[in-house]
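Chain and residue survey
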Amino acid sequence: MATITEKHERIDRITVKVTYSIATIVLILLLIYGFYTLVKMYRYEKTNDAQVEEYINPILSRTTGFVQEIKFRDHQKVHKGDTLFVIDKNETLMQLQEAEAILSSAKASLLVLESNAVTTTSSASVSEASIAASRAKLWQQEQEFNRYKKLLDEEAVTQQHFEAIKTSFEIAKSEYNAVQNTYKTAKGRINDVDSQLAVAKANVQQREAIVENIKLNLTYAVITAPADGIMGDKTLQVGQLIQKGQTLGFIVDQDQGKWIVANFKETQIANMKEGQEVVIKVDAYSDETYHGKIQSLAPATGSRFSLLPPDNATGNFVKIIQRFPVRILLTDAVAKTNNLRAGMNAEVLIPKL
């Protein structure tokens, strides 16, 4: 019986020693962790409210039509200028043929008016030349009339002869007035034709602009990648009608690079400045350490850029520590940061100055 008691006491002592040992090890580890954490808090400003960012550009349609072809897959890597969508352009081609036919008709009308302008100008020139001849004839008849009037007063000619001279003078005067009126009419026609020419030329320019616009729309039927990047999810199907300005998809622009946006508390940013070195840990790759530098600090808190910024003058005020977005440029080689994706969570440490 005593032997069993001694055995139990020995086991209890061993258990106590093991328990004390484990507790001591745990306590030492906690002290080490606490010391490391305190040192880290003293040396660094830290936040885990940070994400990897990239430019995600929408791909927009610049024309209306039906989707004829889709040239990419979900999450496919593409290069600038690669064809993504092809829009059916048969309807646009028909519009182009119609516009070109109307343009040809407008140009033909312009040629007719230009020919009429030449004819009218020639007619006016002939009328202008006739005025000089009629004026000379009128002057001659007027001189004859004055001479014969004097002779009639002296009874050197008969009344009948004088009346014949007077009739010739009146006829010459009428002819001169008629030629002048004809010239004025011709000049009026020239002005009318010039006005019609201006309208016809403007019409031709308008039709040419319509043709060029349709040709431009034909180039919009092929939608290409605006930059090197990775496509998002494909949301369209062949045969689907799209409208001008509609978003067809999204591309993650790799030409613009990647950066980190870290949201620090307002109590942490007092000693931060542009160009300061930064250490970054990304949750997805916990074994990797990335490096960067502060590129810029936001001019206002994130809440001030929201759609409805808070107004502390209304309602009950509750003080909430605000956060400032800090943009951090990654300084590691592209090959190292190539596996980072937009939206990944990160932890940012900035050495205190």
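Given the structure is predicted, the values throughout are model-derived calculations rather than measurements. (Residues numbered from 1 in each chain as written. Predicted model: local features only at pLDDT ≥ 70, side-chain atom pairs only at ≥ 80, totals over all residues. Heavy atoms only, no water.)

Considering the pairing of strand E11 (residues 323–330)
Going residue by residue along E11, you find Phe324, Val326, Ile328 and Leu330 tucked away on one face and Arg323, Pro325, Arg327 and Leu329 left uncovered on the opposite face. As defined by bridge partners, strand E8 (residues 247–265) adjoins E11 across seven bridges and the pair is classed as antiparallel. Paired with Ala262 across the two strands is Val326, which belongs to E11. Here strand E10 (residues 285–297) runs beside E11; their pairing, made up of five bridges, is antiparallel. For Ser296, the partnering residue across the bridge sits in E11 and is Arg327. (Buried < 20%, exposed > 50% of the residue type's maximum accessible area, 1.4 Å probe, protein only. Helix = DSSP H or I, 4+ residues; strand = E, 2+ residues; numbered from the N terminus. Pairing = 2+ DSSP bridges.)

Comments concerning the packing of aromatic side chains
Tallied over the full model, the rule gives two aromatic pairs. When the ring of Tyr55 is compared with that of Trp259, the centres are 4.8 Å apart and the planes differ by 55°; the resulting orientation is tilted. Residue Tyr55 is located in strand E1 (residues 44–60), and its partner Trp259 is located in strand E8; the two are separated by 204 residues in the primary sequence. A residue is classified by how much of its surface remains accessible, and Tyr55, at 35% relative accessible area, is partly exposed. On the numbers, 5.3 Å between centres and 80° between planes, the contact of Phe72 with Phe85 is edge-to-face. Within this pair, whereas Phe72 is found in the loop between strand E2 (65–70) and strand E3 (77–78), its partner Phe85 is found in strand E4 (residues 83–87), the two being separated by 13 residues in sequence. Of the two residues, Phe72 and Phe85, both sit in the buried class. Directly above the ring of Trp259 sits Arg327, whose terminal nitrogen or CZ lies 4.1 Å from the centroid. The cationic tip of Lys336 hangs over the ring face of Tyr290; the distance from NZ or CZ to the ring centre is 5.4 Å. (Phe/Tyr/Trp six-rings, centres within 6.5 Å; stacked < 30°, edge-to-face > 60°. Lys NZ or Arg CZ within 6 Å of the ring centre and 35° of its normal.)

With respect to the sheet that holds E4
The strand order across the open sheet formed by four strands is E5-E4-E2-E7, and the pairing between neighbours is antiparallel. Across the chains shown, the open sheet's two edge strands, defined by having one partner strand only, are strand E5 (222–224) and strand E7 (241–242). As defined by bridge partners, E2 adjoins E7 across two bridges and the pair is classed as antiparallel. Looking across to E7, one finds that Phe66 is bridged to Leu241.

What to know about a nonpolar patch on the surface
Among the surface-exposed residues, Ile14, Val18, Ile22, Val26 and Leu30 lie close enough to one another that they form a single nonpolar patch of about 450 Å² accessible area. For Val18, the location among the structural elements is in helix H1 (residues 2–43). Val18 sits in the partly exposed class, given a relative accessible area of 42%. (Patch = residues over 30% accessible without salt bridge, like charges linked within 9 Å, V, L, I, M, F, W, Y side chains within 5 Å. Areas by Shrake-Rupley, 256 points an atom, 1.4 Å probe, with all protein chains shown as cover. Salt bridge = Lys/Arg side-chain N within 4 Å of Asp/Glu carboxyl O.)

Quick notes on the environment of Glu45
Position of Glu45 among the secondary structure elements: in strand E1. Sequence spacing of Glu45 and Thr267 is 222 residues, and the spatial spacing of their C-alpha atoms is 9.9 Å. When residues no more than four places from it in sequence are discounted, the contact partners of Glu45 are Phe264, Gln268, Met272, Val348, Leu349, Ile350 and Lys352. Separated by 3.3 Å, the side chains of Glu45 and Gln268 make a polar contact. (Contact = heavy atoms within 4.5 Å. Polar contact = N/O pair within 3.5 Å; in protein donor to acceptor, adjacent residues only side chain to side chain.)

Considerations on unusual backbone geometry
Positive phi is not limited to glycine here, since His75 has a value of about 65°. Residue position: His75 is located in the loop between E2 and E3.

Some remarks on the pairing of strand E12 (residues 345–351)
Burial of E12 is extensive: five of the seven residues sit out of reach of the surface. Bridge analysis of E1 against E12 gives six bridges, and the strand direction is antiparallel. In the sheet register, Gln51 faces E12, and the bridge partner there is Asn345. Here strand E9 (residues 277–282) runs beside E12; their pairing, made up of four bridges, is antiparallel. Counterpart to Val279 in the pairing with E12 is Leu349.

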